[in-house]
Amino acid sequence: EIIVENVNSRIDGYLADNFVETKKLSDELRILLGYQIQNVEYSPKFKEGHWDGIITLWQWKTQTFPTGLLSRVKTFLKEKEIEFKIVDSREKPEQNIDIKTCFAEYGKALFPYQEAAVEKAIKSTRGILSMATGGGKTFITCELSARIKTAPFIVYVPTLSLLRQTHRELCKNLRVNNQPPHIGFVGAGICDVNMNGINVITYQTTLSAF
């Protein structure tokens, strides 16, 4: 069984009948659910042959992995002809905020490809939206927050310029209880957190706080 939870999932059972084969399959999962870091050739451990430069998200002792990687694990198990079933134990948060978009006030609306992206994201419940520069990711974020209607809602951005831009666009295009929203702003030395609403925050500030 694969026990699926909100953040992590766990394989409950044995990958094979013996330790050697189980370890082999676990090592394959380690690579499948890992990533090669850049400039690894400068690492002493890599130079000495003690490390292959892969950081993995597969925890072999507990047989757990981030739920976002579930599709990779399912594909792997099917290819290895290992029988399994999914046990969905995720807790679905309740809708707790009256939020909607106000694109029409500015004579705007989602383009068909943006609407399609929103629908697919809602259906999938998680994933990555890969879009070109200017593709309207902030617009889609607004629409998703209005569809999900669950707070707190956090938008992470990589730069201070995007922090200000995203904050500005969310304030402009969203309404909470039919009023202009209080959008939290965390970064650039400012810590204005809306614990029960939407917040925009930089990666750097998140890491520092963590």
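Structure report, in brief. Values in this document were obtained by computation on a predicted structure and should not be read as measured data.

A look at the side chain of Thr-22
Here is step 1: Residue placement: Thr-22 occurs in helix α1 (residues 19-32).
Here is step 2: According to the relative accessible area criterion, Thr-22 is buried, its value standing at 17%.
Here is step 3: At 3.5 Å, the side chain of Thr-22 and the backbone nitrogen of Ala-16 are in polar contact.
Here is step 4: There is a polar contact of 2.8 Å between the side chain of Thr-22 and the backbone oxygen of Asn-18.
Here is step 5: Apart from the residues within four sequence positions on either side, Thr-22 is in contact with Leu-15 and Ala-16.

Describing the sheet that holds strand β10 (residues 184-187)
Here is step 1: Strand order in the open sheet made by the four strands is β8-β12-β10-β11, with mixed pairing throughout. For this open sheet the edge positions go to β8 (153-157) and β11 (190-192), each flanked by a neighbour on one side alone. Ignoring which end each strand starts from, the neighbouring axes of this sheet average 20° apart.
Here is step 2: Most of the contacts of helix α6 (residues 160-173) go to strand β12 (residues 198-202), to which it runs at about 170°, and overall it touches β8, β10 and β12.

Description of helix α4 (residues 112-124)
Here is step 1: Given a rise of 1.5 Å per residue, 13 residues ought to cover 18 Å, and the 18 Å separating the end C-alpha atoms of α4 matches this to within 8%.
Here is step 2: All of the buried residues along α4 are Gln-114, Ala-117 and Val-118. Angular distribution of buried residues about the axis of α4 spans 100°; they occupy a single face of the element. Exposed and facing more than 90 degrees away from the buried side of α4 are Pro-112, Lys-120 and Lys-123.

Quick word on the packing of aromatic side chains
Here is step 1: Going through the model one piece at a time under the given rule, you end up with four aromatic pairs.
Here is step 2: In this structure, Lys-23 packs its charged tip against the face of Trp-60, placed 5.9 Å from the ring centre.
Here is step 3: One residue, Lys-172, lies across the ring of Tyr-106, its end atom 4.8 Å from the ring centre.

A word on unusual backbone geometry
Here is step 1: Residue Pro-152 is bonded to the preceding Ala-151 through a cis peptide linkage, with omega at 0°.
Here is step 2: By the element assignment, Pro-152 lies in the loop between α5 (137-148) and β8.
Here is step 3: In this structure, Gln-63 is a non-glycine residue whose phi angle is positive, near 55°.
Here is step 4: Note that Gln-63 resides in the loop between β4 (54-56) and β5 (64-66).
Here is step 5: Positive phi values are uncommon outside glycine, yet Lys-149 reaches one of about 55°.
Here is step 6: With respect to the helices and strands, the residue Lys-149 is situated in the loop between α5 and β8.

So, how was this worked out
- Residues numbered from 1 in each chain as written.
- Predicted model: local features only at pLDDT ≥ 70, side-chain atom pairs only at ≥ 80, totals over all residues.
- Heavy atoms only, no water.
- Helix = DSSP H or I, 4+ residues; strand = E, 2+ residues; numbered from the N terminus.
- Buried < 20%, exposed > 50% of the residue type's maximum accessible area, 1.4 Å probe, protein only.
- Polar contact = N/O pair within 3.5 Å; in protein donor to acceptor, adjacent residues only side chain to side chain.
- Contact = heavy atoms within 4.5 Å.
- Pairing = 2+ DSSP bridges.
- Axes fitted to C-alpha atoms, helices over the stretch in contact; angles between N-to-C directions.
- Expected span 1.5 Å × (residues − 1).
- Arc of directions from axis to C-beta.
- Phe/Tyr/Trp six-rings, centres within 6.5 Å; stacked < 30°, edge-to-face > 60°.
- Lys NZ or Arg CZ within 6 Å of the ring centre and 35° of its normal.

Shape is all these values report; function is a separate question.
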